[in-house]
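Secondary and tertiary structure notes
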Amino acid sequence: MILDGHTHLFSQFGFLRGMDADEFVDKLKSRRVDGAVVMTLEGFTKDDSRLYNDQLHAATERYPEYLCAFGTVHPRDGSGAISEMRRCVKELGMKGFKFHPWLQAFCASGREMFPIVQEAVALDVPLLFHDGTPPYCTSLQVAYLARCFPEATIILGHSGLRDYWREALYAAMEYENIILQFCGTPDIAMREMIEQVGPERCIFGSDFPFPGDSCIELAVSQIRNLDVSDAAKDAILGENLKRILKL
Amino acid sequence: MSIIDAHCYLGDGVYMKRNSGDLLDEMDSHGVSHAVVNSTDQYSAVYNREGNDEIIRAVSEHPDRLTGFAVVNPWYGQKGADELRRCIESGLRGLSLDTRRQGCFFTDTIVRRLIQHAADLEIPVYCHTGTPIYALPLGLMELALDFPKVSFIMGSGGWADGWYDAGTAAKTAPNIFIETSYCAIPLIANAIRLIGAERILFGSDAPGSSLETELLKIRLLDLDARGREMILGDNAARLIGIRT
């Protein structure tokens, strides 16, 4: 079973052309993906996150067995962000929230995130962050939230990318509520993380379709080629995410 | 077709570890005929000579399979320039800079002085890019514009945190080549559109990434056979002077 824990459904973002939900699901299925978490991309740079959360909801309504959504809000919207989080989970059935601090122009470790994390704990959903990029979302900036809120589940969406993976590994060793997502993560980092943190806190994501339609083959092959047990690979490719999202 | 890995590491780094036996095995199992190697980690930041000696030894043992680049920290000044000359006279073929680890901007005087030596020696210069604050594409672009006769290889095409400027830098400075390790497939495709396949070099950055992952990316790239040959080997052979 392959569950892709990191995909973006959008129509147009800069020079990137997105796609509609039908094409999106077709492409994932043709690459033997059994289900996916969808997130916005355009919504990170636009004021009205409601609109983009509604778009995600429409996709999950169309493919309820295949897609689940992580919504987004702008942390500086204050109480408006909190009420939108409640709507996303209670009315739209969303399973978590995604934040992209450098696109959304806020600092992951800033005070405006505290009520957001508290609300996620109350709603019992994880928070997934783009990480690995200074100055707003280095892995330790995101990990600071995990430190302040041990009851929250914090997913490092790229496990530090190329330059912060040792920080991401350090953070996961320090804070047990951190989940490492292998998505654009170097091979050497995956090996070290599985060895030191254990496969049960590692999950798979492709970032589809941002790194191209074929990114799924590439991302799956990175996991399949790791020198770990088949059980560990299966856990990373799907079972862990299923457990974390209570699917 | 002979495949050349235009950039990977060799040696006993604190984090990056790889001996020449393992390297040659990996090359054999992926059909890679030749690899360009240099040292990293502590050898990049501090112990240049020790790291370079290991590279010199490896390439002299496997001259038909390996080509070495010298690692010199620009902060060593004249001592570093002397080390670069020693390495080139001992058979290494280029200079490899990792300003992320060495702590200097591409435009700093200490870097420019070292590049002048590389220009005098007529060798190509590999530069790690993609890491703020010290290793971003536009810094490399300014350096390359000031040394038009030196060929610069933009390591990892600015990935992960400078990719948006990689194409701009290489388009502006015609003596910049883009090395593909870690780069997402659409970014490589975009670079090909901007500067042509003849200035793109396949590299693995192994053991950071791997031949497996990086070769799969090139296979998945929508590219004609000639372009693939250029990226996988012909460009590196021409630029670095590798006979395969």
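Please read all numbers here as calculations on a predicted model, not as lab measurements.

**Notes on the packing of aromatic side chains**
Taken as a whole and assessed by the stated rule, the structure comprises 9 aromatic pairs over all chains. The interplanar angle of 85 degrees and the centroid separation of 5.2 Å between the aromatic rings of Phe114 of chain A and Phe149 of chain A together place this pair among those described as edge-to-face. Of this pair, Phe114 of chain A sits in helix H5 (residues 113–123) while Phe149 of chain A sits in the loop between helix H6 (139–148) and strand S8 (154–156), and the two are 35 residues apart along the sequence. Residue classification places Phe114 of chain A among the buried residues on the basis of a relative accessible area of 12%. Centre to centre, the rings of Phe210 of chain A and Trp163 of chain B are 6.0 Å apart; their planes meet at 55 degrees, and the pair counts as tilted. You can see Phe210 of chain A sitting in the loop between strand S10 (202–204) and helix H9 (215–224) and its partner Trp163 of chain B sitting in helix H8 (residues 163–172), one on each of two chains. Like Phe210 of chain A, the residue Trp163 of chain B is buried in the burial classification.

**With respect to the interface of chain A and chain B**
At the interface, 21 residues of chain A touch 28 residues of chain B. Regarding the contact of chain A and chain B, the summed buried area is about 2100 Å², with carbon and sulfur atoms giving 61% of it. For the chain A face of the interface with chain B, the top three residues by lost area are Arg162, Asp163 and Leu218 of chain A, together amounting to 30%. Here Arg162 of chain A makes a salt bridge to Asp205 of chain B, at a shortest N to O gap of 3.4 Å. Inspection of the chain A/chain B interface yields 10 residue pairs in polar contact (both at pLDDT 80 or more). Of all the elements in the fold, those that place two or more residues in the side of chain A that touches chain B are helix H8 (187–196) and H9 of chain A. If one sorts the elements of the side of chain A that touches chain B by residue count, H9 of chain A sits on top with 4 residues. In the side of chain A that touches chain B, the residues fall into 8 nonpolar, 7 polar and 6 charged.

What counts, and at which threshold
Sequence positions are assigned chain by chain, starting from 1 and proceeding in written order. Chain letters and ligand numbers both follow the written order, the letters beginning at A and the numbers at 1. Reporting of local features is limited, given that this is a predicted model, to residues whose pLDDT is at least 70; pairs of side-chain atoms are given and counted only at 80 or more, and all residues count toward the totals for whole chains, interfaces and linings. Excluding hydrogens and water, the side-chain values take into account all heavy atoms of the structure. Each Phe, Tyr or Trp ring, with Trp reduced to its six-membered ring, pairs with another whose centre is within 6.5 Å; inter-plane angles below 30 degrees give stacked pairs, above 60 give edge-to-face pairs, and intermediate values give tilted ones. Strands here are runs of E lasting at least two residues and helices are runs of H or I lasting at least four, both read from the DSSP assignment and numbered beginning at the N terminus. Throughout, exposure labels follow a simple rule: accessible area from a 1.4 Å probe, protein chains only, divided by the maximum for the residue type, with under 20% read as buried, over 50% as exposed, and the rest as partly exposed. Only heavy atoms enter the contact rule, under which two residues are in contact if any of them lie within 4.5 Å. Here the quantity called buried area is the total loss of accessible area, with a 1.4 Å probe, experienced by two parts when brought into contact, counted for both. In what follows, salt bridge is the name for a side-chain nitrogen of Lys or Arg lying within 4 Å of a carboxyl oxygen of Asp or Glu. In the analysis that follows, any N or O atom pair within 3.5 Å is treated as a polar contact, provided that within protein one partner can donate a hydrogen and the other can accept it, and provided that, for residues neighboring in sequence, both atoms belong to side chains. Ten residues, namely Ala, Val, Leu, Ile, Met, Phe, Trp, Tyr, Cys and Pro, are considered nonpolar, four, namely Asp, Glu, Lys and Arg, are considered charged, and the remaining ones, Gly among them, are considered polar.

Honestly, it's all geometry; don't read function into it.
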